[in-house]
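Chain and residue survey
Each chain, written out:
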Amino acid sequence: MKNSIHIFIIMGVSGSGKSTVGNLISLELGMPFIEGDNLHPSPNIEKMTAGIPLDDSDRKPWLQSIKESLKQVISFPSTHRGGGILVTCSALKLKYRNYLRKINLDEECSFSIKVWFIYLKGSRELLEKRLIQRQDHFMKVNLLKSQFEALEEPNEELEDGIIIIEIGDKDTKNEIIDKIKFVIK
Ligand SMILES: Nc1ncnc2c1ncn2[C@@H]1O[C@H](COP(=O)(O)OP(=O)(O)OP(=O)(O)O)[C@@H](O)[C@H]1O
Ligand SMILES: O=C(O)[C@H](O)[C@@H](O)[C@H](O)[C@H](O)CO
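Residues numbered from 1 in each chain as written. Chains lettered and ligands numbered in written order. Predicted model: local features only at pLDDT ≥ 70, side-chain atom pairs only at ≥ 80, totals over all residues.

Focus on the site of ligand 2
Inclusion rule: Near, for a residue, is defined by distance from a backbone-placed C-beta atom to a molecule or strand, with 6 Å as the limit that must not be exceeded. Note that Gly is not counted as nonpolar here; it falls among the polar residues with everything else outside the nonpolar set of Ala, Val, Leu, Ile, Met, Phe, Trp, Tyr, Cys and Pro and the charged set of Asp, Glu, Lys and Arg.
All residues adjacent to ligand 2 are Ser14, Gly36, Asp37, Met48, Leu54, Arg59, Ser90, Leu92, Met139 and Gln147. Within the shell around ligand 2, the residues separate by chemical class into four nonpolar, four polar and two charged.

A look at helix H5 (residues 94-101)
Put simply, the rule is: To assign burial, the other C-beta atoms lying within 10 Å of each residue's own C-beta are counted, with C-beta atoms placed from the backbone; 20 or more indicates buried, 12 or fewer indicates exposed, and intermediate counts indicate partly exposed. Helix and strand assignments come from DSSP, with helices taken as H or I runs of at least 4 residues and strands as E runs of at least 2, each series counted from the N terminus. Comment: arc refers to directions from the helix axis out to C-beta atoms. Once C-beta atoms are placed from the backbone, any two residues with those atoms within 7 Å are in contact.
Within the span of H5, buried status applies to Tyr96, Arg97 and Leu100. In an axial view of H5, the angular spread of the buried residues amounts to 100°, which keeps them on one side of the axis. The inward-facing, buried residues of H5 abut strand E1 (3-11), helix H3 (56-74) and strand E4 (111-121).

Observations concerning the environment of Ile85
Note that Ile85 resides in strand E3 (residues 84-88). You can call Ile85 buried: it has 22 C-beta atoms within 10 Å. Residues contacting Ile85, with those up to four places away along its chain left out, are Ile5, Ile7, Met31, Pro32, Ile34, Leu70, Val73 and His80.

What about the sheet that holds E4?
The condition is simple: Note: two strands are recorded as paired if DSSP finds a minimum of 2 bridges between them. Note on geometry: axes are C-alpha line fits, over the in-contact stretch for helices, and angles between N-to-C directions span 0 to 180 degrees.
If you walk across this open sheet you meet the five strands as E2-E3-E1-E4-E5, and the pairing is parallel. The open sheet has two edge strands with one neighbour each: strand E2 (33-35) and strand E5 (162-166). For this sheet the average axis-to-axis angle between neighbouring strands, irrespective of direction, equals 20°.

Here we look at the pairing of E4
For a regular strand, side-chain orientation follows a simple rule: the groups alternate between the two sheet faces. Relative to E4, E1 is paired through nine bridges, and the arrangement is parallel. Its bridge partner lying in E4, Ile5 is registered against Ile113. Relative to E5, E4 is paired through five bridges, and the arrangement is parallel. Residue pairing in the sheet places Lys121 in a bridge with Glu166 of E5.

Here is the structure:
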């Protein structure tokens with residue numbers, strides 16, 4: 001029987017904390033980490049910096065790069081040791097999630113893949129507050145409205161591999177990280 005690799009994609013709109021918690025968990029657990037923000041083609045960064053929301057055609061090459069990076073990591077078993085891989089990606093729409101779910105590996109690959117989406121669910125008010133305070137990031141608060149408009153919330157009953165983490169005003173980074181660690185370990 002093949003060993004499973006678990007891919008944990010931390011998803012949600014801008015400001016939900018994907019990069020913050022993804023980084024810290026990967027450091028703590030020694031898990032390989034693919035930061036989706038780093039894989040945008042430069043026209044996407046320029047668009048977001050200019051306050052213009054991305055559309056499906058902008059996101060296509062970005063999602064492709066994320067999938068390619070995942071395949072690269074999977075192809076080096078010494079990096080994941082057959083365990084988990086963490087990814088950050090907003091994955092706002094069902095079709096993006098379905099695209100990321102389908103990772104075809106070579107026949108001779110000794111692993112099977114299970115893709116999970118960990119949805120950081122926060123209110124617009126809370127994320128607005130965070131983005132107003134966030135410095136040194138191309139994605140500004142003016143894009144939050146369009147992020148919520150594009151979001152197709154994952155539903156645990158209708159989609160496979162969905163984990164929802166509700167984030168409230170008082171939830172510290174460590175509390176959120178502990179919740180995620182509890183479900184991925
Ligand atoms: N639990 C938390 N409590 C308070 N602030 C937080 C918490 N988690 C993240 N933050 C802060 O909120 C801001 C947004 O977090 P982060 O950049 O990780 O979000 P993101 O989902 O990766 O956003 P984007 O998609 O725009 O890259 C950051 O300034 C971060 O320090
Ligand atoms: O899908 C999108 O519209 C974008 O990718 C944003 O959701 C991300 O948060 C971006 O990576 C900015 O940090």
